[in-house]
Amino acid sequence: MYIVTGGAGLIGSAMVWQLNQLGITDVLVVDHLATSEKWKNLVPLKYRDYLDRDEFASKIQNRSIGHIDAIIHLVGIISEVGDQTFERVHTEGTRNILQAAQSEGLRRFIHMSALGTRPNAVARYHQSKWTAEQAVRAIVQAGKLLDIDVLDHLVVAQNGWVSLKERGLGFA
């Protein structure tokens, strides 16, 4: 099973669509729909199930998800509402899912960072994304998880994915 966190958002639903194009429908979509209309992004897609982020967090901590082939971690919020803070969603959420991936012996983890993410960033959004990215890098450097990709400087277009970094246009 593929888990796509942030799966109802713009990039997440595009990822689920791409998985469907590859014939993959064994997908668990994780998001926090609340009162948003992101659910409309899921209507044309094929996936096994949807879980709210809080229910997913509980299941992943209790190790009651089942077999996982890959986690594609695409969460991102642009404003804070209630308990949905940058630190909780970007940083703590990433740490929790990394811990679960490690405990399951998962070999494939894809993490989406953000443009402007760097040490000493002015915006708390970028600070939280930087901290999350560093947590991913620490796991890689420690050799605790292999096959981790950090999606950085990525543009999603109608005809697919473009990595600005691969084209020499990304930030160092």
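Residues numbered from 1 in each chain as written. Predicted model: local features only at pLDDT ≥ 70, side-chain atom pairs only at ≥ 80, totals over all residues. Heavy atoms only, no water.

Caption draft 1: A look at helix H5 (residues 124–141). Look at H5: 25 Å from first C-alpha to last across 18 residues, which is about the 26 Å you get at 1.5 Å a residue. Here H5 has its buried residues at Ser128, Lys129, Ala132, Glu133, Ala135, Val136 and Ile139. Here the buried residues of H5 occupy an arc of 150° about the axis, which is enough to place them on one side. (Helix = DSSP H or I, 4+ residues; strand = E, 2+ residues; numbered from the N terminus. Expected span 1.5 Å × (residues − 1). Buried < 20%, exposed > 50% of the residue type's maximum accessible area, 1.4 Å probe, protein only. Arc of directions from axis to C-beta.)

Caption draft 2: Region of interest: the nonpolar core. Membership of the largest hydrophobic core comes to 19 residues, with the highest contact counts inside it found for Ile3, Leu28, Phe56, Ile65, Ile68, Ile71 and Phe109. Of all the elements in the fold, those that place two or more residues in this core are strand E2 (27–31), helix H3 (53–61), helix H4 (86–103) and H5. At four residues, H4 tops the list of elements feeding residues into this core. Setting aside its immediate chain neighbours within four residues, Ile3 contacts Leu28, Val30, Phe56, Ile65, Ile68, Ala70, Ile71 and Ile72. The next biggest cluster of nonpolar side chains, apart from the first, holds 15 residues, and it includes Val29, Leu33, Leu74 and Met112. (Core = buried A, V, L, I, M, F, W, Y, C linked by side-chain atoms within 4.5 Å. Contact = heavy atoms within 4.5 Å.)

Interpretation in functional terms is not warranted from these geometric data alone.
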